[in-house]
Amino acid sequence: MNKKTLIIGATPNADRYAYLAAQMLTSKGHDIVNVGIKKGAVAGVEIEPPARIHEDIDTITLYIGPQVQKDYYEYILKTKPKRVVFNPGTENSELESLVRESGIEAVRACTLVLLSTGQY
């Protein structure tokens, strides 16, 4: 089943986990939206700024640290995904609370592991 995923912290740098996640998500049949401050494309999808609200997102997966996340709170909540995945290093109790209060599932997990083990 296609779980359209918005990747926050997308980068064309092949050494980064966000890049690997984009590649793995698309290889497993999930549509992606790349959001970040870097220019370029990942897995054939251009990276866009956090401006346009996508209304068909199943999952947001975070690849930005808690210190940067505050700038994305409103964007994340307005997107209204079914869940937000807090990858290792992105854990943020404040954002997790806001997400849960909005009826969105907050998951502390690794997107790459979830995909690799069929739990995504």
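Residues numbered from 1 in each chain as written. Predicted model: local features only at pLDDT ≥ 70, side-chain atom pairs only at ≥ 80, totals over all residues. Heavy atoms only, no water.

J.: I'd love a proper account of the packing of aromatic side chains, names of residues and values included.
T.: Using the criterion set out here, one finds 0 aromatic pairs in the structure. Its end group placed over the ring of Tyr-120, Arg-83 keeps NZ or CZ at 4.4 Å from the ring centre. (Phe/Tyr/Trp six-rings, centres within 6.5 Å; stacked < 30°, edge-to-face > 60°. Lys NZ or Arg CZ within 6 Å of the ring centre and 35° of its normal.)

J.: Could you give an account of the sheet that holds strand β3 (residues 41-42), naming the residues involved and the relevant values?
T.: With respect to topology, 7 strands assemble into an open sheet ordered β3-β4-β2-β1-β5-β6-β7, the strand pairing being mixed. The sheet is open, and its two borders are formed by β3 and β7 (105-108), each paired with just one other strand. By the bridge criterion, 2 bridges tie strand β2 (residues 32-35) to strand β4 (residues 45-48) in an arrangement that is parallel. Looking across to β4, one finds that Asn-34 is bridged to Ile-47. Set on the sheet, helix α4 (residues 93-101) makes contact with β5 (59-62), β6 (83-86) and β7; between it and β7 the angle comes to about 145°. (Pairing = 2+ DSSP bridges. Helix = DSSP H or I, 4+ residues; strand = E, 2+ residues; numbered from the N terminus. Contact = heavy atoms within 4.5 Å. Axes fitted to C-alpha atoms, helices over the stretch in contact; angles between N-to-C directions.)

J.: Now, about the environment of Asp-71: what can you tell me, with residues and values included?
T.: As for its position among the elements, Asp-71 is in the loop between α2 (66-69) and α3 (73-79). Expressed as a C-alpha distance, the spacing of Asp-71 and Ile-57, which sit 14 residues apart in the sequence, is 19 Å.

J.: Before we move on, can you summarise unusual backbone geometry with the specific residues and values?
T.: Most of the time, phi is negative for any residue but glycine, and the peptide bond is trans. A positive phi angle is found at Ala-43, which is not glycine, with a value near 55°. Note that Ala-43 resides in the loop between β3 and β4. Looking at Ala-43, the relative accessible area reads 28%, which means it is partly exposed. Positive phi outside glycine occurs at Lys-80, with the angle close to 55°. One can find Lys-80 in the loop between α3 and β6. Of the residues examined, Lys-80 reaches a relative accessible area of 64% and is grouped as exposed. (Buried < 20%, exposed > 50% of the residue type's maximum accessible area, 1.4 Å probe, protein only.)

The quantities given are spatial measurements derived from coordinates; they are silent on function.
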